[in-house]
Amino acid sequence: MKNFLSIEECSRAGIEELVESSISLKEARHIRDFSSRPLLDQCWGIIFSKASTRTRISFEVGIRELGGSALFLSPRDLQLGRGEPIKDTARVMGRMLHGAIIRNDSQVEVEQFAELSDIPTINALTDQEHPCQIIADLLTVRESLGGWEGKKVVFLGDVDCNVAHSWVWAAKHLGFELVLSGPSEICSPVNYLEKLDCSNVSFVEDPFVAVADANVLYTDVWVSMGMEDEANKREGAFTDYQINEKIISLADSNAMVMHCLPAYRDKEISESAFEAHAETIFSQAENRLHAQKAIMKDLAT
Ligand code: CP
Ligand code: NVA
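Values in this document were obtained by computation on a predicted structure and should not be read as measured data.

**Student:** So what exactly am I meant to see when it comes to the overall build of the chain here?
**Tutor:** The secondary structure content of the chain amounts to 13 helices and nine strands. Relative to a compact globule of 301 residues, whose C-alpha radius of gyration would be 19 Å, the chain shows 19 Å and is just as compact. If one aligns the C-alpha atoms of the chain with their principal axes, the spans along those axes are about 55 × 45 × 35 Å. Each of the 301 residues in the chain was classed as buried or not, and the buried ones make up 56%. Expressed as a percentage of contacts within the chain between residues at least 6 apart in sequence, the contacts between residues at least 24 apart total 76%. Split by element, the accessible area of the chain, about 13100 Å² in all, is 47% carbon and sulfur. Each charge sign in the chain was given a centre, from 29 positive and 47 negative side chains, and these centres are 6 Å apart.

Written out as structure tokens, the structure is:
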């Protein structure tokens, strides 16, 4: 059974194939060619215990465009929310659904679901990784810069969050330069990087040094879902890591500015920087749909 649970588990060829397939599906959608229907007569469950705009909508639309139907399942309504274990939920759903898309705190639980349900399972964000986001991001980089080879990507802000982790694994597999820049007292990626042993990924605490000649400046929220209690401490510590005109002026003159969204204006990105790069950022959001269709097409049995 094939699953899509992390970028860590992907291969270079696997990532490249997903990006190529996303491009084909995007082109087909633009000419309204929906003849590829690998999910015909299938029903996929979308089991989200955290908020979502982009991921939920892009999966629901994507499943329909691939010929299947989607069932949105919230733990508030499932017995899961009243304490039924994930391992029982997985074995029930595996006998009825054809695939599952899960957003949850725990990577271990998503992996357990995949194993016990025996249906294709997709990680739609855990505390550990956000792999669907990264396939869409790579597609966006490929569209704007022609590819990632030889490029320098700088991730500013919470460099120990799920999105940053997935970028780290993408850099390891694909070989582009990735610089992580954030306050070490809050989000040191050192433990994560030690697992990697990868010379093209580094941590540079000074953001003004980190962004020199960058081709891509990337950020995510400073306060991820579930960390709201730390908001005050984090927002103080991250101030220097905001993407704004000053930081952008130190990067390559054609640098892309990317944000996975949702964005908090004048926190991780200034209002003016956001609006100046809105076309890239909203293409990135649209690309979630094409990337996830490619992932589901690859997994469909
Ligand atoms: N980027 C992202 O995953 O957005 P949502 O939380 O809205 O799904
Ligand atoms: N790091 C963020 C990503 C949101 C898409 C979070 O986990 O809330």
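**Student:** Is there a simple way to explain the site of ligand 1 in this structure?
**Tutor:** Around ligand 1, a shell composed of S52, T53, R54, T55, R103, H130, Q133, C260, L261 and R288 is seen. The separation between an oxygen atom of ligand 1 and a polar side-chain atom of R54 is 2.9 Å. Against a free-state accessible area of 250 Å², the protein chains account for coverage of 95% of ligand 1. Partitioning the shell around ligand 1 into residue classes produces two nonpolar, five polar and three charged.

**Student:** Can you walk me through the sheet that holds strand β1 (residues 43-48) in this structure?
**Tutor:** Two strands in a sheet stick together by hydrogen bonds in their backbones, pointing the same way (parallel) or opposite ways (antiparallel). Spatial strand order, β2-β1-β3-β4: four strands in an open sheet with parallel pairing. Sheet topology places β2 (69-73) and β4 (121-123) at the edges, where each strand pairs with a single neighbour. Taking the axes of each pair of neighbouring strands and ignoring which way they run, one obtains an average angle of 20° across the sheet. Its contacts with the sheet place helix α4 (residues 107-117) against β1, β3 (99-103) and β4, and it is angled at close to 170° to β4.

**Student:** Please explain the nonpolar core as it appears in this structure.
**Tutor:** Burial of nonpolar side chains together is a common tendency in soluble globular proteins. In this structure, F4, I101, I122, L138, W167, F176 and L217 are the most contacted members of the largest nonpolar core, which totals 84 residues. Sort the elements by how many residues they give to this core and helix α6 (residues 162-174) lands first, with eight residues. I122 has contacts with F4, W44, F59, A100, I101, I102, C132, I295, M296 and L299, leaving out every residue within four places of it along the chain. Residues I47, I102, V110 and F113 belong to the second largest nonpolar core, which totals 14 residues.

**Student:** Even after reading the chapter, I still don't get the state of the cysteines, so can you show me in this structure?
**Tutor:** In a disulfide, the sulfur atoms of two cysteines are covalently bonded to one another. Tallied over the entire structure, the rule returns zero disulfides. Unpaired in this structure, C43 has its nearest cysteine sulfur neighbour in C132, at a distance of 18 Å. You can see C161 has no disulfide; the closest cysteine sulfur is in C260, sitting 7.0 Å from it.

**Student:** Would you take a moment to explain the packing of helix α3 (residues 86-93) against α4 for this structure?
**Tutor:** The description of two packed helices rests on the angle between their axes and on the distance between the axes. Running from amino to carboxyl end, α3 crosses α4 at an angle of 40°, the nearest separation of the two axes being 8 Å. What the angle tells us is that α3 and α4 run oblique. Relative to α4, α3 is oriented so that their crossing is right-handed. Residues I86, K87, T89, A90, R91 and M93 of α3 lie in contact with α4, whose contacting residues are E109, Q112, F113, L116 and S117. Considering only residue class, the contact of α3 with α4 consists of five nonpolar, three polar and three charged.

**Student:** Explain helix α2 (residues 54-65) here, please?
**Tutor:** The terminal C-alpha atoms of α2 lie 16 Å apart, and with twelve residues this matches the ideal 16 Å at 1.5 Å per residue to within 8%. Within the sequence span of α2, burial applies to T55, S58, F59, E60, G62, I63 and E65. Following α2 by one or two positions, G67 has its phi on the positive side, about 100°.

**Student:** Can you walk me through the pairing of strand β8 (residues 216-219) in this structure?
**Tutor:** When a strand is regular, its side chains alternate between the sheet's two faces. Alternating positions in β8 separate into two faces, V216 and Y218 on one and L217 and T219 on the other, with burial throughout. For strand β5 (residues 152-156) and β8, the ladder comprises four bridges, and the chain directions are parallel. Counterpart to L156 in the pairing with β8 is T219. Note that β8 and strand β9 (residues 256-259) share four bridges and pair parallel. Within β9, the position partnered with V216 by the bridge is M256.

**Student:** In this structure, what is going on with unusual backbone geometry? I would like to understand it.
**Tutor:** Trans peptide bonds make up the majority, and among non-glycine residues the majority have a negative phi. With omega at 5°, the peptide bond leading from L261 into P262 counts as cis. Here P262 shows up in the loop between β9 and α12 (271-276). Of note in the backbone geometry, D197 takes a positive phi value of approximately 50° without being a glycine. Checked against the element boundaries, D197 lands in the loop between α8 (190-194) and β7 (201-203).

Definitions and limits used
Residues numbered from 1 in each chain as written. Chains lettered and ligands numbered in written order. Predicted model: local features only at pLDDT ≥ 70, side-chain atom pairs only at ≥ 80, totals over all residues. Heavy atoms only, no water. Helix = DSSP H or I, 4+ residues; strand = E, 2+ residues; numbered from the N terminus. Rg over C-alpha atoms; globule rule 2.2 N^0.38 Å. Buried < 20%, exposed > 50% of the residue type's maximum accessible area, 1.4 Å probe, protein only. Contact = heavy atoms within 4.5 Å. Areas by Shrake-Rupley, 256 points an atom, 1.4 Å probe, with all protein chains shown as cover. Lys, Arg positive; Asp, Glu negative; His and termini not counted. Charge placed at Lys NZ, Arg CZ, Asp CG, Glu CD. Near = heavy atom within 4 Å. Polar contact = N/O pair within 3.5 Å; in protein donor to acceptor, adjacent residues only side chain to side chain. Nonpolar A, V, L, I, M, F, W, Y, C, P; charged D, E, K, R; others polar. Pairing = 2+ DSSP bridges. Axes fitted to C-alpha atoms, helices over the stretch in contact; angles between N-to-C directions. Core = buried A, V, L, I, M, F, W, Y, C linked by side-chain atoms within 4.5 Å. Disulfide = S-S within 2.5 Å. Parallel < 35°, antiparallel > 145°, perpendicular 65-115°, else oblique. Left-handed = near helix turned anticlockwise from the far one by under 90°. Expected span 1.5 Å × (residues − 1).

Interpretation note: all reported values are geometric properties and have no functional meaning in isolation.
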